[in-house]
Amino acid sequence: LCMNLLVFFILFGEPLSQLGQTKLPALIDSGDAEEAMATFRSLLALSTFAAAGVGFAAYLAASFGTGLFSSDLAVRAAAGAAAPALFLAVSQTVVGIAVDGCMMASKDFQFMLATGLASFALQAKLLTYCSSVGDILGTFAIRLGSYAVLSVGRALLGYGNLGRAIRGDGRNKEEPVAQTQ
């Protein structure tokens, strides 16, 4: 039941990913650092608020709405016990999806692959210690949270196409682009 709720609620992060993939490429290419940073900040703020709201809705569904999905008292009790971890997993995933959209826009695929594989390996290792649904959901929160933190940190430190764009280290829109002959 909790996995179904997780899958359902994380879908709410996808429009934020699409927004990043739509708005950021032109800003990265233009070198407009101020607008790129404003858009990146807006996406991070939107995803944070959306994550809190969607995560809370998932928490409420697992805590109080399980009777709509199951009449088995053991399933309902397990879902209720896992509700806090579901909140964290959904919240981190919504933010992670939005950040992933920004990373897709920057075409920083090598970093995305390496970070995705490393966070997957971390989750796979942590899963060996899990003894409850809440523990499993906690590994999702750690995996997607670490991906989001590393990706945002990379950008804010000026690395990758997005980082160079928001720090103004790329082409500046006022500077003419050199013509090649």
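Our subject in this report is the structure included herewith.

Conventions used here
- Residues numbered from 1 in each chain as written.
- Predicted model: local features only at pLDDT ≥ 70, side-chain atom pairs only at ≥ 80, totals over all residues.
- Heavy atoms only, no water.
- Core = buried A, V, L, I, M, F, W, Y, C linked by side-chain atoms within 4.5 Å.
- Buried < 20%, exposed > 50% of the residue type's maximum accessible area, 1.4 Å probe, protein only.
- Helix = DSSP H or I, 4+ residues; strand = E, 2+ residues; numbered from the N terminus.
- Contact = heavy atoms within 4.5 Å.
- Phe/Tyr/Trp six-rings, centres within 6.5 Å; stacked < 30°, edge-to-face > 60°.
- Expected span 1.5 Å × (residues − 1).
- Axes fitted to C-alpha atoms, helices over the stretch in contact; angles between N-to-C directions.
- Parallel < 35°, antiparallel > 145°, perpendicular 65-115°, else oblique.
- Left-handed = near helix turned anticlockwise from the far one by under 90°.

As a further point, take the nonpolar core. One recurring pattern in soluble globular proteins is that nonpolar side chains are buried together. Counting residues in each nonpolar core, the largest one holds 41 residues, and the members touching the most others are Leu 24, Phe 40, Leu 86, Val 90, Leu 137 and Leu 162. Those elements that provide at least two residues to this core are helix H1 (2-10), helix H2 (14-30), helix H3 (33-64), helix H4 (73-106), helix H5 (109-127), helix H6 (133-156) and helix H7 (160-167). When residues in this core are grouped by element, the largest group, 14 residues, is from H4. Once residues within four sequence positions are removed from consideration, Leu 24 is found in contact with Ala 36, Thr 39, Phe 40, Leu 43, Cys 102, Ala 105 and Leu 162.

Buried within H7 we find Gly 160, Leu 162, Gly 163, Ala 165 and Ile 166. Looking at the buried residues of H7, the elements they touch are H2, H3, H4 and H6. In the stretch just after H7, Gly 168 is the one whose phi turns positive, near 80°.

Structurally, the position occupied by Asp 72 is in the loop between H3 and H4. The exposure class assigned to Asp 72 is partly exposed, which follows from its relative accessible area of 40%. Sequence spacing of Asp 72 and Phe 49 is 23 residues, and the spatial spacing of their C-alpha atoms is 34 Å.

Our next topic: the packing of aromatic side chains. This structure, assessed with the given rule, holds four aromatic pairs. For the ring pair Phe 56 and Tyr 59, a centre distance of 6.3 Å and an interplane angle of 15° mean the geometry is stacked. A residue pair is termed a helical-turn pair when its members lie 3 or 4 positions apart in one helix, as Phe 56 and Tyr 59 do in helix H3 at three residues. Look at Tyr 59 and you get partly exposed, because its relative accessible area is 28%. Cluster of aromatic residues (ring-pair linked, three or more members): Phe 8, Phe 9 and Phe 12.

A positive phi angle, near 60°, is found at Lys 107, a position not held by glycine. Assignment of secondary structure puts Lys 107 in the loop between H4 and H5.

This part takes up the side chain of Thr 139. Residue position: Thr 139 is located in helix H6. The contact partners of Thr 139, leaving out residues within four places of it in the chain, are Gln 123, Leu 126, Leu 127 and Cys 130.

Spanning 32 residues, H3 covers 46 Å between terminal C-alpha atoms, matching the ideal 46 Å at 1.5 Å per step. Within the sequence span of H3, burial applies to Ala 36, Met 37, Thr 39, Phe 40, Leu 43, Ser 47, Ala 51, Val 54, Gly 55, Ala 58, Ala 61 and Ala 62. If you follow the buried residues of H3, they end up packed against H1, H2, H4, H6 and H7.

The N-to-C vectors of H1 and H4 enclose an angle of 25°; their axes lie 9 Å apart at closest approach. Taken as axis vectors, H1 and H4 run roughly parallel relative to one another. In the packing of H1 onto H4, the handedness of the crossing is right-handed. Listed contacts from H4 to Cys 2, Leu 5, Leu 6, Phe 9 and Ile 10 of H1 are Ala 79, Ala 82, Leu 86, Ala 89, Val 90, Thr 93, Val 94 and Ile 97.

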